[in-house]
Amino acid sequence: MLDNLPRGTICIEDIEMGMTRHVRKVVTDEDIEMFAKVSTDHNPVHLDEEYAKDTMFHGRIAHGMLTAGLISAVIGEQLPGHGTIYMGQSLKFLAPVRPGDMVTAEVEVVDIEHQKRRVKLDCRCMVDGKKVLVGEATVLAPSRKFD
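Presented here is an overview of the structure given in this document. (Residues numbered from 1 in each chain as written. Predicted model: local features only at pLDDT ≥ 70, side-chain atom pairs only at ≥ 80, totals over all residues. Heavy atoms only, no water.)

1. Here's the deal with the overall build of the chain
Next up, step 1: Across its full length, the chain holds 4 helices and 6 strands.
Next up, step 2: When the helices and strands of the chain are listed from N to C terminus, the series reads β-β-α-α-α-α-β-β-β-β.
Next up, step 3: If one aligns the C-alpha atoms of the chain with their principal axes, the spans along those axes are about 55 × 30 × 25 Å.
Next up, step 4: In the chain, once contacts between residues fewer than 6 apart in sequence are set aside, the share between residues at least 24 apart is 65%.
Next up, step 5: With an accessible surface of roughly 8000 Å², the chain has 52% of that area assigned to carbon and sulfur atoms.
Next up, step 6: Separation between the mean location of the 18 positive side-chain charges and that of the 23 negative ones in the chain comes to 5 Å. (Helix = DSSP H or I, 4+ residues; strand = E, 2+ residues; numbered from the N terminus. Contact = heavy atoms within 4.5 Å. Areas by Shrake-Rupley, 256 points an atom, 1.4 Å probe, with all protein chains shown as cover. Lys, Arg positive; Asp, Glu negative; His and termini not counted. Charge placed at Lys NZ, Arg CZ, Asp CG, Glu CD.)

2. Details of the nonpolar core
Next up, step 1: The biggest cluster of nonpolar side chains holds 32 residues, and the ones touching the most others in it are Ile-15, Ile-71, Val-107, Val-109, Val-119 and Leu-121.
Next up, step 2: Secondary structure elements with two or more residues in this core: helix H4 (64-77), strand E4 (102-113), strand E5 (118-127) and strand E6 (130-140).
Next up, step 3: Ranked by the residues each element gives to this core, the list is headed by H4, at 6 residues.
Next up, step 4: In this view, Ile-15 contacts Ile-10, Pro-80, Val-109, Ile-112, His-114, Val-119 and Ala-141; residues no more than four positions away in its chain are not counted. (Core = buried A, V, L, I, M, F, W, Y, C linked by side-chain atoms within 4.5 Å. Buried < 20%, exposed > 50% of the residue type's maximum accessible area, 1.4 Å probe, protein only.)

3. A few points about unusual backbone geometry
Next up, step 1: Note that the residue after Leu-79, namely Pro-80, is joined by a cis bond; omega there is 0°.
Next up, step 2: Position of Pro-80 relative to the elements: it lies in the loop between H4 and strand E3 (85-93).
Next up, step 3: Its identity as a non-glycine residue notwithstanding, Thr-40 has a phi of 65°, on the positive side.
Next up, step 4: With respect to the element layout, Thr-40 can be found in the loop between helix H1 (29-39) and helix H2 (44-47).
Next up, step 5: For Thr-40, a relative accessible area of 59% puts it in the exposed group.
Next up, step 6: Unusually for a residue other than glycine, His-58 sits at a positive phi of about 55°.
Next up, step 7: Looking at the element boundaries, His-58 is found in the loop between helix H3 (49-52) and H4.
Next up, step 8: Under the relative-accessibility criterion, His-58 is labelled exposed at 62%.

See below:
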């Protein structure tokens, strides 16, 4: 994975509106196979090229939640980072991700409730500049006062 900033923690006291962070990752056949094993989702559209070529996708695609997991990587590692607790996530899948695609997962701060330590993040994943997933996350950010 290629990060745009070092991993770590940004405490609620330092989070600002408009902050963004991202990761980039090429989705591999091995990623898809490992995700199928961990999730127990062995849908052949992800694993069987012969089956998948006859679907509306005309070939294998990555699990949508594998792509969404890259958003979790940004949130858990960069913004806010270590110590962050997920409170909610909405997702809309716009296009498939295929083996070999470079996915850019990005989050942007769109709302902050400092007293409650809540941060709302606009989330998106892109392949070749095209959005393949959009959504919104609400997280509980770490604080220097408590951590």
